[in-house]
Structure formats: C-alpha cells, structure tokens
Amino acid sequence: QTVVTQEPSLTVSPGGTVTLTCASSAGAVTSAYYPNWFQQKPGQPPRALIYSTTNKHSWTPGRFSGSLLGDKAALTLSNVQPEDEADYYCLLYYGGAGWVFGTGTKVTVL
Amino acid sequence: QVQLQESGPGLVKPSETLPLTCTVSGGSISDYYWSWIRQPPGKGLEWIGYIYSSGITTYNPSLKSRVTISVDTSNNHFSLRLSTVTSADTAVYYCARAVIGDKGNWFDPWGEGTLVTVSS
C-alpha cells in the first residue's frame with residue numbers, strides 16, 4: 001500500500017511563513033497526482049484549500065499557496081495568522097487505486 | 001448550495017455490517033463522484049472509495065474486499081456498506097462530493113461526519 005508522508009508537526013510565529021510537504025512512497029509527486037490540500041480544526045470536517053497542485057478555491061485565503069517542491073507537493077502559508085493553527089492533510093491520486101491521504105501535519109502558531 | 005448529511009447507526013457490533021447513507025440536498029447527484037472518507041478518533045484521514053452517478057466505483061485497495069458503495073439517483077443519496085467490522089473500523093465517517101474533470105480534481109463539499117463505534 002502506498003504511503004503518503006507529511007511532517008508530523010511544525011511551529012511558526014504569527015506573521016511568519018511555513019511550508020508543508022507531501023511525499024509519496026511511489027516516487028516523485030507530479031501534477032498528475034492532482035495534489036489536494038485540506039485544513040481541519042478540532043471537531044470540524046476537513047475544509048478544502050488547494051486542488052490540482054496550485055488552484056485555490058474561492059474561499060481560500062490568499063496567504064495559502066500550493067506548489068511542487070522538488071519531488072514533493074507543498075503547501076506554503078505566508079503571513080501566518082493565529083486562526084491558521086490546525087491539522088493539514090494532502091491527498092494524492094493513484095489512478096485505479098484511487099486516492100491516498102497524507103499522514104497529516106499539525107501546525108502550531110506560537 | 002449543495003449540502004451533504006450522513007446518517008446511520010452510531011453503534012455496530014463486531015463482525016456485522018456498517019451501513020451509512022449520505023443525503024445530498026441543494027443540487028443533483030448526477031454527473032459527480034460521491035466519496036466516503038473516515039477518520040479514527042485522534043488519527044488521520046483515510047479515503048474509502050467513491051462512486052460516479054452512473055454507478056462506477058473505485059475503492060481503497062486495502063478495504064475493497066469489505067466495501068460496497070451504491071447510489072440512488074432518484075432519491076439523491078448514496079450509501080456505504082462495510083462488512084465484517086472490527087474495533088479498527090471505529091471512526092468518524094464523512095461523505096464528500098468529488099469533482100473530477102478538465103477543470104481539476106477536488107473534494108467539496110463535505111458532510112459534518114458521523115461517529116460509528118464498533119463494540120459489543
């Protein structure tokens with residue numbers, strides 16, 4: 001079974017910048033994996049932030065951006081706000097095997 | 001706008017089948033993919049599978065032998081059945097719409113989720 005790995009936790013200061021990554025045990029992540037990113041706060045369902053690597057939803061704050069960084073997908077949070085403290089999950093597409101979520105990153109704003 | 005609502009038993013006995021339904025309101029179930037995702041307490045998300053409105057399914061290979069997803073376009077809902085459950089299947093189960101197409105692939109909206117506990 002394919003494993004998608006993210007940093008377990010990251011800490012960032014308010015106003016700072018942090019980059020989360022998403023790696024696949026199957027090899028380099030490309031746009032063909034259609035990387036999606038979700039934010040989840042306690043007791044809430046996940047909220048979609050980024051789709052197909054770089055695309056933002058209409059509700060996605062401008063300080064969130066998606067990209068490919070080396071052989072991984074990446075989510076960058078700029079000018080971090082206290083309300084950005086949450087768990088973040090990536091999601092990758094594996095064709096006939098469907099989709100696989102990443103292990104998740106807990107972002108602490110301190 | 002489109003809203004999703006999960007429903008089903010909150011408690012299922014080990015070895016039995018877990019049945020859940022997701023009701024779609026505010027829009028048609030046609031021409032989209034409809035997904036099930038779960039999250040064990042305190043753990044990460046797991047994609048279970050999805051069904052296109054025509055009935056074509058794709059399942060997580062690790063769950064494929066136990067999962068059935070079906071769609072009822074007349075009543076605008078889709079369903080999950082997970083057989084032979086164990087305590088490892090205890091989780092919050094979410095349904096979500098998936099858009100798969102030329103404009104990109106995304107999962108939104110999501111339901112609020114329903115906690116299913118497997119216990120005797």
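For the structure, see preceding data.
Let us look at the structure shown here. (Residues numbered from 1 in each chain as written. Chains lettered and ligands numbered in written order. Predicted model: local features only at pLDDT ≥ 70, side-chain atom pairs only at ≥ 80, totals over all residues. Heavy atoms only, no water.)

Section: the environment of Pro14(B)
All names here are of chain B. Mapped onto the secondary structure, proline 14 falls in the loop between β2 (11–12) and β3 (18–25). In this structure proline 14 comes out as partly exposed when scored by relative accessible area, which is 36%. With residues up to four places along the chain from it excluded, the contact list for proline 14 reads Val85, Val118, Ser119 and Ser120. (Helix = DSSP H or I, 4+ residues; strand = E, 2+ residues; numbered from the N terminus. Buried < 20%, exposed > 50% of the residue type's maximum accessible area, 1.4 Å probe, protein only. Contact = heavy atoms within 4.5 Å.)

Structural notes on the nonpolar core
Residue and element names in this part refer to chain B. Counting 25 residues, the largest nonpolar core has Leu18, Trp36, Val67, Phe78, Leu80 and Tyr93 as its most contacted members. At four residues, β3 tops the list of elements feeding residues into this core. When sequence neighbours within four positions are dropped, the list of residues in contact with tyrosine 93 reads Glu6, Leu18, Leu20, Ile37, Arg38, Ile48, Leu80, Leu82, Gly113, Thr114 and Val116. (Core = buried A, V, L, I, M, F, W, Y, C linked by side-chain atoms within 4.5 Å.)

Focus: the sheet that holds β3(B)
Strand pairs in the sheet, formed through backbone hydrogen bonds, run parallel or antiparallel to each other. Residue and element names in this part refer to chain B. One open sheet accounts for four strands, arranged β1-β3-β8-β7; its pairing is antiparallel. On the outer flanks of this sheet lie β1 (3–7) and β7 (67–72), each paired with one strand and no other. Pairwise comparison of adjacent strand axes, ignoring direction, gives a mean angle of 20° for this sheet. Direction of pairing for β1 relative to β3: antiparallel, over a ladder of five bridges. Among the inter-strand pairings, glutamine 5 is bridged to a residue of β3, identified as threonine 23. (Pairing = 2+ DSSP bridges. Axes fitted to C-alpha atoms, helices over the stretch in contact; angles between N-to-C directions.)

A look at the pairing of strand β9 (residues 86–93) of chain A
All names here are of chain A. The buried count for β9 comes to six of eight residues, which makes it a mostly enclosed element. Note: strand β4 (residues 36–40) against β9, five bridges, orientation antiparallel. Among the inter-strand pairings, glutamine 39 is bridged to a residue of β9, identified as tyrosine 88. Two strands pair when backbone bridges link them, and β9 and strand β11 (residues 105–109) are joined in this way by three bridges, in the antiparallel orientation. Residue aspartate 87 lies in a different strand from β11, and its bridge partner there is lysine 106. Linking two consecutive strands that pair antiparallel, namely β9 and strand β10 (residues 99–101), is a turn of five residues; a positive phi of about 60° is found at glycine 95 within it.

So far we have only geometry, and geometry alone does not tell us how the molecule works.
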